[in-house]
Amino acid sequence: HTANNINILRSQFKSLSNEQIVEQLINISTMTFSVSQLEALAKCVNPNEVSALLNYNGDPSQLREAEQFVIALLSIPNIHSKLNNLIFCDEFENVLNSIKKQVSTLRVACEEILNSEKLKSIFGVVLAAVNFLNYGTVYGRNHAIHQSAFVKMQQFRGTKNTKITFVDFITEY
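Everything numeric here is computed off the predicted structure, so don't read it as measured data.

Asker: Explain a nonpolar patch on the surface to me, please; I cannot follow it from the model alone.
Answerer: Taken together, the side chains of Val-95, Ile-99 and Val-103 define a hydrophobic patch exposed on the protein surface, amounting to about 230 Å² of accessible area. With respect to the helices and strands, the residue Val-103 is situated in helix 6 (residues 79-115).

Asker: Would you explain the nonpolar core in this entry?
Answerer: Most often, soluble globular proteins have nonpolar side chains that are buried together. Grouped together as the largest cluster of nonpolar side chains are 30 residues, with contacts concentrated most on Ile-21, Leu-25, Phe-33, Leu-38, Leu-41 and Leu-83. Listing elements by their share of this core, those giving two or more residues are helix 1 (3-11), helix 2 (18-26), helix 3 (35-44), helix 5 (65-74) and helix 6. Here Leu-38 is in contact with Leu-25, Met-31, Phe-33, Leu-83, Leu-86 and Ile-87, once residues within four sequence places are set aside. If you look at the next biggest cluster of nonpolar residues, it comprises eight residues, including Val-126, Met-153, Phe-166 and Ile-170.

Asker: How should I be thinking about the packing of helix 1 against helix 5 in this particular structure?
Answerer: Where helix 1 contacts helix 5, the two axes come as close as 8 Å, and the packing angle between them is 70°. For the element pair helix 1 / helix 5, the angle class is roughly perpendicular. Note that helix 1 runs across helix 5; the crossing there is left-handed. Here helix 1 contributes Ala-3, Ile-6, Asn-7, Leu-9 and Arg-10 to the contact with helix 5, which in turn contributes Glu-65, Ala-66, Phe-69 and Val-70.

Asker: So what exactly am I meant to see when it comes to the packing of aromatic side chains here?
Answerer: Describing an aromatic ring pair means giving the distance of the ring centres and the angle of the ring planes. Tallied over the entire structure, the rule returns two aromatic pairs. Centroid distance Phe-13 to Phe-33: 4.9 Å. Interplanar angle 80°. Geometry classified as edge-to-face. One end of the pair, Phe-13, is in the loop between helix 1 and helix 2; the other, Phe-33, is in the loop between helix 2 and helix 3, and 20 residues separate them in sequence. Overall, the relative accessible area of 2% leaves Phe-13 in the buried class. Residue Phe-33 is classed as buried on the basis of its relative accessible area, which comes to 10%.

Asker: It is not clear to me how helix 2 should be interpreted in this structure. Could you clarify?
Answerer: Given 3.6 residues per turn, any residue in an α-helix points the same way as the ones three and four places further on. Within helix 2, the full set of buried residues consists of Asn-18, Ile-21, Val-22, Gln-24 and Leu-25. Taken down its axis, helix 2 places every buried residue within 160° of arc, on the same side. Contacts from the buried residues of helix 2 go to helix 1, helix 3, helix 5 and helix 6.

Analysis parameters
- Residues numbered from 1 in each chain as written.
- Predicted model: local features only at pLDDT ≥ 70, side-chain atom pairs only at ≥ 80, totals over all residues.
- Heavy atoms only, no water.
- Patch = residues over 30% accessible without salt bridge, like charges linked within 9 Å, V, L, I, M, F, W, Y side chains within 5 Å.
- Areas by Shrake-Rupley, 256 points an atom, 1.4 Å probe, with all protein chains shown as cover.
- Salt bridge = Lys/Arg side-chain N within 4 Å of Asp/Glu carboxyl O.
- Helix = DSSP H or I, 4+ residues; strand = E, 2+ residues; numbered from the N terminus.
- Core = buried A, V, L, I, M, F, W, Y, C linked by side-chain atoms within 4.5 Å.
- Buried < 20%, exposed > 50% of the residue type's maximum accessible area, 1.4 Å probe, protein only.
- Contact = heavy atoms within 4.5 Å.
- Axes fitted to C-alpha atoms, helices over the stretch in contact; angles between N-to-C directions.
- Parallel < 35°, antiparallel > 145°, perpendicular 65-115°, else oblique.
- Left-handed = near helix turned anticlockwise from the far one by under 90°.
- Phe/Tyr/Trp six-rings, centres within 6.5 Å; stacked < 30°, edge-to-face > 60°.
- Arc of directions from axis to C-beta.

Read these as geometric descriptors, not functional statements.
So this is what it looks like as structure tokens:
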């Protein structure tokens with residue numbers, strides 16, 4: 001990150017000193033940073049971009065404010081990983097809630113399918129039709145329908161109106 005970008009980021013925390021920011025990041029329970037702020041901080045301390053500052057042994061007061069800020073952040077052990085973990089924890093709750101809603105919707109849909117009398121009736125008609133068409137063969141006494149039967153039913157057409165398939169007829173049933 002350039003010094004200008006870091007200064008812009010630092011302005012988001014203008015009421016806090018570098019030490020107070022470091023303190024909040026160390027003591028997570030008192031932290032008040034948003035996810036977007038944490039993401040910006042993580043970009044500031046990207047190990048690939050701050051290697052020169054990691055090895056700096058001089059007086060930090062001789063550096064620009066942006067570099068002093070990054071050095072303060074780098075004083076936290078494993079800061080990049082810690083920031084990524086904090087971001088993950090915050091996003092995890094949102095993702096989990098979204099997944100819970102989707103699972104709930106799926107569960108309701110499954111219950112509706114299992115309890116649908118009309119669907120059971122349709123499958124009964126389809127099974128009877130499949131057994132009728134396969135009469136006299138080993139498949140003529142089926143108790144269940146294989147999914148490939150539905151593909152074959154789409155190909156089975158009426159004799160008077162060849163545009164209507166067996167599936168069309170069943171869906172109107």
